[in-house]
Each structure stands twice: as structure tokens, then as C-alpha cells.
Amino acid sequence: MSCPPKSDDLVFFVNGRKVIERNADPEVTLLNFLRKIVRLTGTKYACGRGGCGACTVMVSKHDPVSAKIRHFSITACLVPICSLYGAAVTTVEGIGSINTRLHPVQERIARSHGTQCGFCTPGMVMSMYTLLRNHLQPSEEQLMEALGGNLCRCTGYRPILASGRTFCVESTGCQKKRTGKCCLDLGGNDSSSLSRESDICTDLFVEEEFQPLDPTQELIFPPELLRMAKNPEKQTLTFCGERVTWISPGTLKDLLELKAKHPEAPLILGNTSLGPAMKSQGRVHPILLSPARISELSMVFKTSDGLTIGAGCSLAQVKDILAEQVSELPEEKTQTYRALLKHLKSLAGQQIRNMASLGGHVISRHCYSDLNPILVVGNATLNLISEEGTRQIPLNDHFLAGLASADLKPEEILESVYIPHSQKWEFVSAFRQAQCQQNALADVSAGMRVILEEATDTIKELSLSYGGVGESTIGAHKSCQQLIGRPWNEPMLEEACRLLLEEVSLPGWAPGGRVEFKRTLVVSFFFKFYLEVLQELKKLDSHHYPEISDRFLSALEDFPVTGPRGVQRYQSVDSHQSLQDPVGRPIMHLSGLKHATGEAIFCDDIPMVDRELFMVLVTSTKAHAKIISIDLSEALELPGVVDVITAEDIPGTNGAEDDKLLAVDEVLCVGQIICAVVAETDVQAKRAIEKIKITYKDLEPIIFTINDAIKHNSFLCPEKKLEQGNIEEAFEKVDQIVEGEVHVGGQEHFYMETQRVIVIPKAEDKELDIYVSTQDPAHVQKTVSSTLNIPINRITCHVKRVGGGFGGKVGRPAVFGAIAAVGAIKTGRPIRLVLDREDDMLITGGRHPLFGKYKVGFMNNGRIKALDIECFINGGCTLDDSEQVTEFLILKLENAYKIRNLRFRGRACMTNLPSNTAFRGFGFPQGTLITESCITAVAAKCGLLPEEVREKNMYKTIDKTIYKQAFSPETLIRCWNECLDKSSFHSRRIQVEEFNKKNYWKKKGIAIIPMKFSVGFAATSYHQAAALVHIYTDGSVLVTHGGNELGQGIHTKMLQVASRELKLPMSYMHICETSTATVPNTIATAASIGSDVNGKAVQNACQILLKRLEPIIKKNPGGTWEDWIEAAFEQRISLSATGYFRGYKADMDWEKGEGDPFPYYVYGAACSEVEIDCLTGAHKKIRTDIIMDACCSLNPAIDIGQVEGSFIQGMGLYTTEELKYSPEGVLYSRGPDEYKIPTITDVPEEFNVSLLPSSQTPLTIYSSKGLGESGMFLGSSVFFAITDAVAAACKERDIVEDFIVKSPATPEQVRMACADRFTEMIPRDDPKTFKPWSIPIA
Ligand SMILES: Cc1cc2nc3c(=O)[nH]c(=O)nc-3n(C[C@H](O)[C@H](O)[C@H](O)COP(=O)(O)OP(=O)(O)OC[C@H]3O[C@@H](n4cnc5c(N)ncnc54)[C@H](O)[C@@H]3O)c2cc1C
Ligand code: FES
Ligand code: FES
């Protein structure tokens, strides 16, 4: 379309200020506008797909239908600015600031310790803020709903919810404030030492100190916008961008005229379907028609026979409308509405529900749609309108399949959807099963409806509709037709399942995979429906209809979404400790308030530097190939493109011979970096990469799986082996032997802040300043130095804070820093490189998938005599950390058990996948799953409970590990006993068994897992740290040290140390950043010892300074700190000191299999209880109790945060996080929609964490322990609770255990393991006959 000479002005408000965009570009999202144009960087980019909530802001609009102002949260990454005409946007900066006034939401999330890295915090704040704008005292359900679309990778959500709960109607928290007694303990037989000790605290913050919420302080809706809304302009507004024109008509008539004129132009409403599709397919619609100002599309009409809802209503509005109908009408009329409501609660997150429209949902016809199957069976009708007039078409399968005869005409639009009331003897239900409960697309969704002949059980009408099992929503018409006239009974059920499996068929290769699971769900859902209807009939006429056996009733209930409750216990500081001394107190994260106001600056929040360029990486699309040619010509000609950086541009070393920064001649995996485009803007750079043509010649072999690597003898390093006793002899003497397999999938770090770096070349002496999100700035500095061939001393790396690392920012940032530095040197201009979530997930690798085989020999009483484990990890295409991960895995495999005869072997496989790397726990979480699986196998064989076998084989007295390091297990045993006690394990085990006897379709499981986790690196040179402490003449103190702030609160802890040492309040102190210029040659902040070693270095520096000040203090004991500092300066005493910690000795002789590889151990135990739904594979986490040995915690709030956060991350590893690869080695799961990290609804309903008091570690700073990683493995207690529940189901069904363990325990795994008549019915494919959609790589 030719644009009018001038675009209209786009008028909206941001934080109370008017914005007039004279040349609004429809392709610009609100997120880009806020971050790049108005420089409000509090709103974060983390996924760009609406799936994480990091970019949440509040939008306020005048609603013409209700004549009220509507406040709603949205994800700014999906909102085109042009859709904001007449709207007021409120960002995190708009509600409060540390410089003016904090909003109570901001204050409370920070003071409740709800921020760690802080990258998700502004989004969380805005979700809660919006909730409070609509409900001054929300219910807990509303709070959970509001936060369901916000992901946090650090905290485990509990403290975030705790902060929100302080606003709720009644904070029914079980914590009886300040008494330290929890109602959950009441009645419990609680004799543990934790509860006996009087110095145990359960408060991490003081609620009474929070400022109250005062609604009069909120920004008002701008009067100018109100005037505009009340006298709406009817003229059409047009906004012309470079490639896209946005047309927003003021009347329905104009809209229809425009649609007739531009039939190919889509209507744009929420943009939650159109936006992601345009992005992933690179599709551009030259014209977009926005009906946002047409009130006719938001109308709702209630009639005696049904409800008509305007297509423009958001799904959140639809939910409210339906809820109202349900409350007004008799139950029999609202069957369809209830079914829709059920799914509207779990469909996406609140933000998406606020944005997505009913019309957009229906017309998008996603195969996974939650609502369309229900609308189909509910006989909904689509009211269409065009210039020609109106007409109705049924919302049926033909329409959803896109058949032209059943579809909209190009010039038509959907005006509204009519949903009829249901009637007596009509029953409608909805079902869905996804990887997790909330904010996850369904694997299968279904709408089911039956009408029975009045007062009979004879089927009069039956409709069944499924999503997720084909390209579109599919109806089972033939099956339904054949069942008409049949009574609603068991033979009908049997026949229905047979028919359904024939009709709703899914080929083995079907996109999305999980084929057998989906087939099973098709019939399992029908079975649930069958029972639901029977139950309803029973309610209608209890004499006439058969009773459902009590044991079967459990098939009916869905797991409710409930907010977690729990208690956090820790030891209070000694009553004699000075009040000024912050060590051991739950001090808030230093940046907590800044996280909450958006004023904490992350790497990409740094303003654009003069002449800055943007870099985008070009990666391989082949798994193993020779690069034949790279044609850059077309890309270089595009506007804004400055250069393309290839390996030839590298002045120094191109990485290692077998691990190149930029590929040369050959690629080893999909996602390997080949070159990088440098352009004036990110948009230009992204457009240019599409134009780079690379031709390849495939090479052999191509290896993806561990099995194939073993076959091809493809390994990255030699085998690592430890042996003890005489394993062969021991196997001969045992009562029984079991062999088994364990497969553990990989894990994506999913740090909320993707990898980013800014490289600024300086004019003089080849100096470079590098701002980078890394755990290891010295490594970035060194790599840039060798890549550019300039000395290390010219390069300074700065790390202010990192938005989550978890090991993923140890090695990789050096690669990105070095490539960006090559670009900066070549162009002579600063370079910014910010990875998109998709690229980050594709390129960076993650936790190593593992395959382990074990052979365990044991006596009939459960005593294990011999254990032989051989394991393989999938290292990907280069060595990276794989050798060390293998070593750690082998060293830590024994976990808490003393087994006299052991053989552990491990190898890292080389495959054509992106290189896997460090990840929290470094092999321990995967390896130890094998050991714990052996225990459950032994228990099963001996007819014992797993906890009995665990206890029997645990270390009991001072002993030596397999590598002959001496240690005392006393604290391990204390943790175990405390955990048994605190969780009332034994009585709950009995209750679980009772429950299982009574329920066939739901099973409970409970598991308790002990842990012995070694911290630190297995090399002495890694155990060193330095700090630099300056005291300035005004008395203020600047502390610098070698650790990086990743969210783990290291800076807070370091100031606590400095404060104790200098006997000075923390308010005198500051940490500015971690910089290679102030503390050189640092070690990566990893392996749980960052605070340990840097704390010692800070202590050393402070002690040096205090020693220097001693004579002055002695001379003037009554003086102030400022007096002493002034005197010191006068007396020419240096007020700056370097502290150094020459850390622990750690060595390991692999030849001998002996050593002292670790400085100390962290012990812990966790007990989890779950309930599974055998028909769907879903699970509910009922309760988790963790006891963690923190020794003398430096900061219990931070340490409990680390335990909770890592536990939830571990739970994700073992239950929902599943990486999917194509048979060509392409990673499918590249965003939050395909890769499910836990959400707030995944936290156990009861979640108790206790730090075990008063154990001692003389080695560490103030006897504290590093807790960064250990909690990860405790997440496996959920896994073993699930397997316990599955085992109960299998036992009841007489299924013989095969001892093949697969993690994660996804709904698919659980459902398929609980084999029953439905799993038996489904067709099974011969894997040799088709190419699967995805391949398992572990
Ligand atoms: C993060 C995320 C999570 C999600 N999770 C779920 C989930 O769990 N379950 C689920 O079912 N869905 C889910 N969805 C999909 C979501 O429901 C749809 O994207 C949404 O309903 C589309 O509505 P929209 O207003 O954003 O459509 P838009 O993207 O604005 O438009 C989509 C299409 O509809 C057409 N259209 C819109 N209105 C009309 C009209 N009135 N007349 C004619 N054509 C029209 C447009 O032309 C366009 O082609 C999710 C989406 C996201 C982004
Ligand atoms: S960045 Fe917008 S939702 Fe993730
Ligand atoms: S604090 Fe939530 S992602 Fe880091």
C-alpha cells in the first residue's frame, strides 16, 4: 500500500509522561521502545516470545464498553507500539525509585529476599503491582494467577510469593510470626533438635516494618487520554514504517471497508500469535489492520439460550464474563462455560491472557488450542461480518482445518462468538495435559460433550474434539456417530476407546513427538469423561445409576493450584554478638531494592556508546560438514551493515585447535559459530544474517547419541576410574545381583539474562574495555588477549552483576567477548553482542546428558557389598569442561554411602552437538541419580523400603571415601535424622501406603534422600582469591574482590565480612564492580566456594588495614572512625590493602585413585511427597522438607535462598526440563514455550527449609559453608517420590520393574510407566519403520 505522505502521530503515555511518536514504526515493540528509545531499561528482555514475563509492564486503557479504566499486565516484547494509541504504560521505573519513594511492592519483594540476580524482578514487581491496582487486597489465588506468567530461575519463587502474600486478604501463613512455631508442626511428633533449640529463628523479614500500600499515591490515568477516550476520534489512523503500515480505523464500517480493500492483511489484536509467527518465520505483513478502537468487537450479549462474546475481548475478559455467567445461571446451563473456565485458568500466563483476544485465538487455529476443542463440542457459532453483511458459520473441525468452504472469506472478519447454554442431561468437560501445570502448551487438550436421552443413560448426542494430535483440532465424528444410542456403560467405554484410537490416529513420526503418550491420553481423557458423567448421573439420580467404586473416584479430581507454604529455620546469632555485626543475620541483598525498581544496571542496560555497532552471530545449520563456501556479498550490501567478521579477521589465535572461536573449513555441530555480522542496529544485523549463503558438504560420521559415540569409540578424553576393594570377589559372595540403566537428560541453564557483552576499543595503546555478563572475567580477558594478540594488561573486563549464571557463564562468555573484540578491533568501533534466547539455547550447551549402567551386589537384608557403575556423558563436539565433569562425577558417585567394593568408571563422549559445559553441581546431580537408583533397585529386590536400604548403607563413623579422603559423617547423619523427624517421615510413609490402597488412579509417593556434597575445585591453584580494600578520607570503604555477583549475594556477604572485621556498619561500605584492573588473575566464581575464598581475602585485607589503624585507635579510643581515618591519612598510613587467600590444598592422583580433592563437604537431606495421576502422568508436589548443613551461615536469608533456588532448579532437571533434538541434531527446544523450567505453580505446596545449626568447619570464613550448588541434587527427592508412586501403581498392576530409570520424570514417562488397559490398547510402532521427530541423546 502506498502510505499517506505523513504518518499520524501516535499518542500514548509512559509513566505519566506524554509520548508523541511522529514516525511510529509498526515493527517496533514496546520493549524496544522502552529500552532503546526512552531508555527505561528496568523492563528486561529475556525471551522475546511472551513466555517469561521479564518484560512485564502495566497498560491502562479506557474501556468503552464498561466506561471504566482497565489496568492489565502485558509482555512488552510482543506489543507493537502502534497498538498503544490512547493507552498509558506504567513501567517499573514509574512506580517507585530508590531516589524518591519506593513502592511497597518493590520494598517488600526486596526485603522478603525475593530477588537474587534480580533480572526477573521488575517483571515480578509489575505483575504484582497490576494485581494491586485491580484488587487492593487480592486473594492468594489471584496472586498465584498474577505471577503464573513470570519465570524466575534463581529464587524458587517462595520468597517472591511471601512478599506478595503480605498484601493478601488474609495472610493465612502458617508462620506464627515471631513465635517461631509453625502450625504445621502442631500435632507432629516433633522432637528434633531443630525445634528444641531456643535460638532458632523462622523470620527472614519483619512484616511490620513494611510501609503500607497507599492507593492514593498511584499514578492516575492521564486526563488527556480520558478525554480522548470519551470523545473518540473516528478517523482512521495510519502509522507507516519501513516495511509495514499499521491502519487503525475508528469505525466498524471503515474496518470492513479496509478489509475489503486489503483482504490479505491480518487483523492484529494481542499479537500473541501473529508476532511470534512473524518472528520465527521471518514473515512480514505489509499491512496490519488494528480493530483496537472498534467497540463493536468488545460487546457481550447475554440471551436466554446463550452468550455472545465479542471477538476483540481478551481471554482474561472472557474468563471474567464466563465466571459471571456461571455464578448467575443454574449449573446445567453452564457446562460449556465451566469447561472453558477451567482451561482459561491454565492457558498461558496472566499477561498473555490479558493480551490475547478470543477472535485471535479462534482464528489462529493452533493445533494445541485449549479453547477450540471445547468451543467445537459446545456448538459455538462464529458471527462474521463484512461490507456485504453478516453471516454465521459453525466453529467446527472443517473451519479449524481451514477448509475454504467452512472458512471466513478474505474480506470478512470475526465479530463475535456465540456459545449456547448447555441443558439438562448434557455434560461437557475439558481436559489437558502439558509438561507442567501452568504456562505450558498442552500436549493434548480435549473438549467432550454428551447429551443423554432424558432420565436415561442412553447417548443421544456425543462430540469429542482433540487438540495436539494433528495439524489442527480434530473431531472424532465417526466414533461419536457409532456410539449414539449406546448406554453409558463399560462396554460403551471399551468400544469408544477402540473407535477413538482408530479415528484419532497419530503417525509415529508426528511433529512434537510423544506419540504413544498422546495416543494414551486420547483414551485416558475419554475414560475420565466417562467417570465424570457417571458421577453426575449419580448426583442426578442416586438410585438409578451405578456407583463408581471409591478406588476409581481418584481418577476424577484435577490437582488444584495452591500457593506454597512453609517455614524457614535457621540459627539466630549469638545474643552477645554486637548489633553492628551483620554476620549471621538475614541481611537483604545489597542490590535488592535496585533490582525491584529496575535501577540495577545489567550489561545490556548500559547506554549506547558513541558509534556503537551491533553484532549478530551466524551459526552452522549442519551437524558435521565441510564448509565449501561462504558468500557474504548480499549481506554486505544491505543498509546499515558494516562488516562480517570471519576467522580470517582474527589477528591472534582462533581458540584452540579442536575448539575454534569461529569455524574454519569444517563444522562439528548445528549452532557452531561461523561468522558474525556487524551493523548499525540489531535489526539490520539480524536481517543481514538471513542473506549469508553458506554451502556445506556433509561429512561422516554424524554422532548424536551416547550409544552411537560408544559404537564409534568417539570420546573426548580418557576414561576416569576409581576402584576400591575387590569387586569381582564381592559379587561372588552376595545374595543377589541387579543390573540396571539410568538415563538423565541434559539441562539448559536458562539464566534469565542471556549472554551479552559490550567491547569498547580505546583510542590509545590498543586498550579495550569489556563489559560482560560472566562468572569468569579473567578468562574473558585472557581469551581476548590471545585472540587479538595483545597483552592481557591492555584489556579490562568489568562485571557489575550477572543475571544468573549457574555455570553457563564460566567458559562461554570468553567466546562471545573474543568474537566481539575482533569486531571492535576490525571496525574500530564499540560492539554490543546480545544473544537472543533462541541463539543462546542453540549455541551455548548446558548440563551433560548421562547414560549409566550399574551392577549392584547385595545381601537379602539390603546391605550392598559391591557396586560397579559405568557412565558416559554426552560432551558434545569439543572438550570444554567435560573432562573435569567426568572426574567430579566419578569422585562424587558414592554420595552418602559406604560400600566396601566399588568400581566407578566414566567417559565423556564426543558427539556432533554443541559442547556441554559447567552447570550447577558439575556432574553430581546426574551421577548420583545412578547411585540412588541402585538403592531403590536393591530395596525393590529385597522387599524393603528404599529409606531402609539408604540408612543401612550410609556412612556411620569416621571413614575414608573411595579416593581415601578421611571425613566424619556425623553431620550427614544429623541431617538425615533431622529430616526424618522434621518431615514426620515414618508416619507419612504409612499414610501414603494407606492412600495408595484406597486409590487406583492416583498414587502417592514419598522419598528421603541423603547428600554428601563436596565443594570446591579439585585443584589447589583454583583455591585462591584476592581482594582490594580502600578506605577513603571521609571514612567510606570501597571493597573489591575476585568474585562476581551472580545473584548469589556474594557482594552482600563480602560487606558483612568487611563490616565485622573493620567493626564498621555496612552503610560505610560499597562494592562497585568486579574488575580485572582492581583484582587480577581471578578464578571463576563457581564450585560453591566464591564466598569462602573471597571472604577470606576480604578478611585479610581488612585485618591488614585494622592493624595499621590500631596504634591510632589505641591513642584515641574515644574517637570516631572518621577521626581515626583522618589521623591515619595525616600520618601517611596507607589506607589501601590487598588481601589474599592462599586457599585449600586439593589434589587428586588419578593413577593411584587417591587424594584430597575437596576442602570440605556440605551435608543435607530432603524428603518429598508427591501425588501422581496415573491416567495423565501429572504430578502434584505435596511437601518437601530440606535440612541443609550450612554450618554458621554468613547470611541465612541468602543461604536459604540458595538452597530453595537450587532445589527448584534440580526439581526442574528431574521432572520437566526436556531438551528435544531432531534426527539431524537441531535443538528444537529454544525458548520458554518448548523448554519448561519450573513456574510458581510447581513449588511444593508445603516447602520447609532448615539450616542445621552449630556444626563447625574451621577451614572456612567464620565456619560458614558454600551452598550454591548442593541443593540441586536434593531436587531428586521429588524424582524418587514420583518413582515411588509409580512403583506403587506398578505393584498394584503386577508390572515387573525393569530397572531402567529415565529422568526427567515427565508426565509422558510417568503415564507410560503406569501401564494399564489404556496403554495396552494403543497401537505401538516399530521404530525401524519411520524417522522419529526427535531422538534421545542420553
Ligand atoms: C507465551 C504464550 C503462551 C501461550 N499459551 C497458550 C496455551 O497454553 N493454550 C492455548 O490454547 N494457547 C496459548 N497461546 C496462544 C494464544 O492463545 C493465542 O496466541 C492467542 O489467543 C491469539 O490471540 P491474539 O489476539 O494475540 O491474536 P493475534 O496474534 O493478534 O492474531 C492472530 C490471527 O487471528 C486473526 N484475527 C484476530 N482477530 C480476528 C478477527 N476478529 N477476525 C478475523 N481475524 C482475526 C489475525 O488476522 C491473525 O491472523 C499462547 C501464546 C503465547 C504467546
Ligand atoms: S522477554 Fe517478554 S516475555 Fe520474555
Ligand atoms: S532473581 Fe529471578 S531470575 Fe534471578
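Residues numbered from 1 in each chain as written. Chains lettered and ligands numbered in written order. Predicted model: local features only at pLDDT ≥ 70, side-chain atom pairs only at ≥ 80, totals over all residues. Heavy atoms only, no water.

What to know about the overall build of the protein chain
Within the protein chain, the secondary structure is distributed over 41 helices and 50 strands. What you see for the protein chain is a C-alpha radius of gyration of 31 Å, in line with the 34 Å of a compact globule of 1338 residues. Along the first, second and third principal axes, the C-alpha atoms of the protein chain reach 95 × 80 × 70 Å. Counted over contacts in the protein chain with a minimum sequence separation of 6, partners at least 24 positions apart contribute 79%. Accessible surface, the protein chain: about 47600 Å² in total, of which carbon and sulfur atoms supply 51%. Each charge class in the protein chain was averaged separately, 143 positive and 164 negative side chains, and the resulting centres sit 2 Å apart. (Helix = DSSP H or I, 4+ residues; strand = E, 2+ residues; numbered from the N terminus. Rg over C-alpha atoms; globule rule 2.2 N^0.38 Å. Contact = heavy atoms within 4.5 Å. Areas by Shrake-Rupley, 256 points an atom, 1.4 Å probe, with all protein chains shown as cover. Lys, Arg positive; Asp, Glu negative; His and termini not counted. Charge placed at Lys NZ, Arg CZ, Asp CG, Glu CD.)

Regarding the packing of aromatic side chains
Applying the stated rule across the entire model yields 33 aromatic pairs. Relative to Phe1158, the ring of Tyr963 has its centre 6.1 Å away and its plane inclined at 70 degrees; by these criteria the two rings are edge-to-face. Remark: Phe1158 occurs in the loop between β46 (1154–1156) and β47 (1161–1173) and Tyr963 occurs in the loop between β37 (959–960) and β38 (966–967); sequence separation between them is 195 residues. On the basis of relative accessible area, Phe1158 is assigned to the buried category, the value being 2%. (Phe/Tyr/Trp six-rings, centres within 6.5 Å; stacked < 30°, edge-to-face > 60°. Buried < 20%, exposed > 50% of the residue type's maximum accessible area, 1.4 Å probe, protein only.)

A short note on the nonpolar core
One finds Tyr466, Trp488, Phe526 and Tyr854 to be the most contacted residues of the largest nonpolar core, which totals 255 residues. With near-sequence residues (within four places) excluded, Tyr466 lies in contact with Pro373, Val444, Ser445, Ala446, Met448, Ser472, Thr473, Ile474, Leu500, Val504, Val522 and Phe526. By size, the runner-up hydrophobic cluster in this structure holds 73 residues, among which are Leu30, Val57, Val79 and Ala311. (Core = buried A, V, L, I, M, F, W, Y, C linked by side-chain atoms within 4.5 Å.)

Structural notes on the packing of helix α34 (residues 1050–1062) against helix α35 (residues 1090–1115)
Between α34 and α35, whose axes approach to 9 Å, the crossing angle comes to 30 degrees. In this view, α34 runs roughly parallel relative to α35, as classed from their interaxial angle. The way α34 lies across α35 gives a crossing that is right-handed. Of α35, the residues touching α34 (which contributes Ile1050, Lys1053, Met1054, Val1057, Ala1058, Glu1061 and Leu1062) are Gly1090, Ser1091, Asn1094, Gly1095, Val1098, Gln1099, Cys1102, Gln1103, Leu1105 and Leu1106. For the contact of α34 with α35, the per-class residue count stands at 9 nonpolar, 6 polar and 2 charged. (Axes fitted to C-alpha atoms, helices over the stretch in contact; angles between N-to-C directions. Parallel < 35°, antiparallel > 145°, perpendicular 65-115°, else oblique. Left-handed = near helix turned anticlockwise from the far one by under 90°. Nonpolar A, V, L, I, M, F, W, Y, C, P; charged D, E, K, R; others polar.)

Structural notes on the pattern of salt bridges
The final tally for this structure, using the stated rule, is 84 salt bridges. A salt bridge links Arg449 to Glu461; the shortest N-O distance between them is 2.8 Å. Here Arg449, found in strand β18 (residues 442–452), pairs with Glu461, found in strand β19 (residues 459–467); they are 12 residues apart in sequence, far enough to count as distant. Looking at Arg449, the relative accessible area reads 3%, which means it is buried. Its relative accessible area of 32% is what places Glu461 among the partly exposed residues. We note a salt bridge from Lys1003 to Glu1292, for which the minimum N-O separation is 2.6 Å. (Salt bridge = Lys/Arg side-chain N within 4 Å of Asp/Glu carboxyl O.)

Looking at the pairing of β47
Within β47, 13 of the 13 residues are buried, leaving the element largely enclosed by the surrounding structure. Pairing between strand β39 (residues 1002–1014) and β47: 13 bridges, direction antiparallel. Bridge pairing in β47 links Phe1013 to Val1162. Across 9 bridges, β47 lies against strand β48 (residues 1179–1189) in antiparallel orientation. When the sheet's bridge partners are listed, Ala1166 is paired in β48 with Ile1186. Counted between consecutive antiparallel strands, the loop separating β47 from β48 contains 5 residues, among which Gly1177 sits at a positive phi close to 85 degrees. (Pairing = 2+ DSSP bridges.)

Focus: unusual backbone geometry
Omega for the peptide link from Glu700 to Pro701 comes to -10 degrees, which places this bond in the cis form. Within the element layout of this structure, Pro701 appears in the loop between β27 (693–698) and α24 (706–711). A cis amide bond, omega 5 degrees, links Ser1303 with the succeeding residue Pro1304. Structurally, Pro1304 is set in the loop between β50 (1300–1303) and α40 (1307–1313). Of note, the phi angle at Lys766 is positive, near 55 degrees, even though the residue is not glycine. Structurally, Lys766 can be placed in the loop between β30 (756–761) and β31 (768–772).

Some remarks on the site of ligand 1
Surrounding ligand 1, one finds 32 residues, the nearest of these being Leu269, Thr272, Leu274, Ser357 and Asp370. At a separation of 2.9 Å, an oxygen atom of ligand 1 approaches a polar backbone atom of Leu267. At 2.8 Å, a backbone N or O of Asp370 approaches an oxygen atom of ligand 1. Among the secondary structure elements, those contributing two or more residues to the shell around ligand 1 are α14 (358–364) and β16 (413–420). (Near = heavy atom within 4 Å. Polar contact = N/O pair within 3.5 Å; in protein donor to acceptor, adjacent residues only side chain to side chain.)

Focus on the environment of Gly349
Among the structural elements, Gly349 can be located in the loop between α12 (335–346) and α13 (350–355). Residue Gly349 is classed as buried on the basis of its relative accessible area of 2%. As a C-alpha pair, Gly349 and Gly51 span 298 residues in sequence and 7.9 Å in three-dimensional space. Among residues more than four places away in sequence, those in contact with Gly349 are Gly148, Gly149 and Asn439.

Quick look at the sheet that holds strand β11 (residues 287–289)
Spatial ordering of the open sheet is given by β9-β10-β11, a layout of 3 strands whose pairing is mixed. The sheet is open, and its two edges are formed by β9 (237–240) and β11, each paired on a single side. For this sheet, the mean inter-axis angle between neighbouring strands, taken without regard to orientation, is 15 degrees. Where β9 lies against strand β10 (residues 245–248), 4 bridges are found, and the strand directions are antiparallel. Bridging across to β10, Cys240 finds its partner in Thr245.

Focus on the state of the cysteines
Applying the stated criterion to the full structure yields 0 disulfides. Cys497 supplies the cysteine sulfur nearest to Cys480, a cysteine that is in no disulfide, at a spacing of 12 Å. (Disulfide = S-S within 2.5 Å.)

Quick notes on the packing of helix α4 (residues 121–134) against helix α5 (residues 140–147)
Between α4 and α5, the shortest axis-to-axis distance is 9 Å and the interhelical angle comes to 140 degrees. Classed by the angle they form, the pair α4 and α5 counts as oblique. The crossing of α4 and α5 is right-handed. Along the contact surface, α4 presents Met124, Ser127, Met128 and Leu131, while α5 presents Gln142, Leu143, Ala146 and Leu147.

Details of the sheet that holds strand β13 (residues 306–310)
With antiparallel pairing, the 5 strands of this open sheet are ordered in space as β12-β13-β16-β14-β15. Looking along the sheet, the strands with just one partner apiece sit at the ends: β12 (300–302) and β15 (389–394). Mean inter-strand twist for the sheet, computed between neighbouring axes without regard to direction, equals 20 degrees. Bridge count for strand β14 (residues 381–386) against β15 is 6 bridges, and the pairing is antiparallel. Bridged to Ile385 within β15 is Thr390. Those strands touched by helix α11 (residues 315–328) are β12 and β13, and its axis lies near 165 degrees from that of β13.

Overview of the side chain of Ser591
Its place among the elements puts Ser591 in the loop between β21 (568–571) and α21 (592–597). Within the structure, Ser591 has its side chain in polar contact with the side chain of Arg801 (distance 3.0 Å).

Concerning the side chain of Asp1185
Take Asp1185: it is sitting in strand β48. Looking at Asp1185, its side chain comes within polar contact range of the side chain of Arg1183, at 2.8 Å. Setting aside its immediate chain neighbours within four residues, Asp1185 contacts Cys979, Lys982, Ser983, Arg988, Ala1165, Ala1166, Cys1167 and Asn1248.

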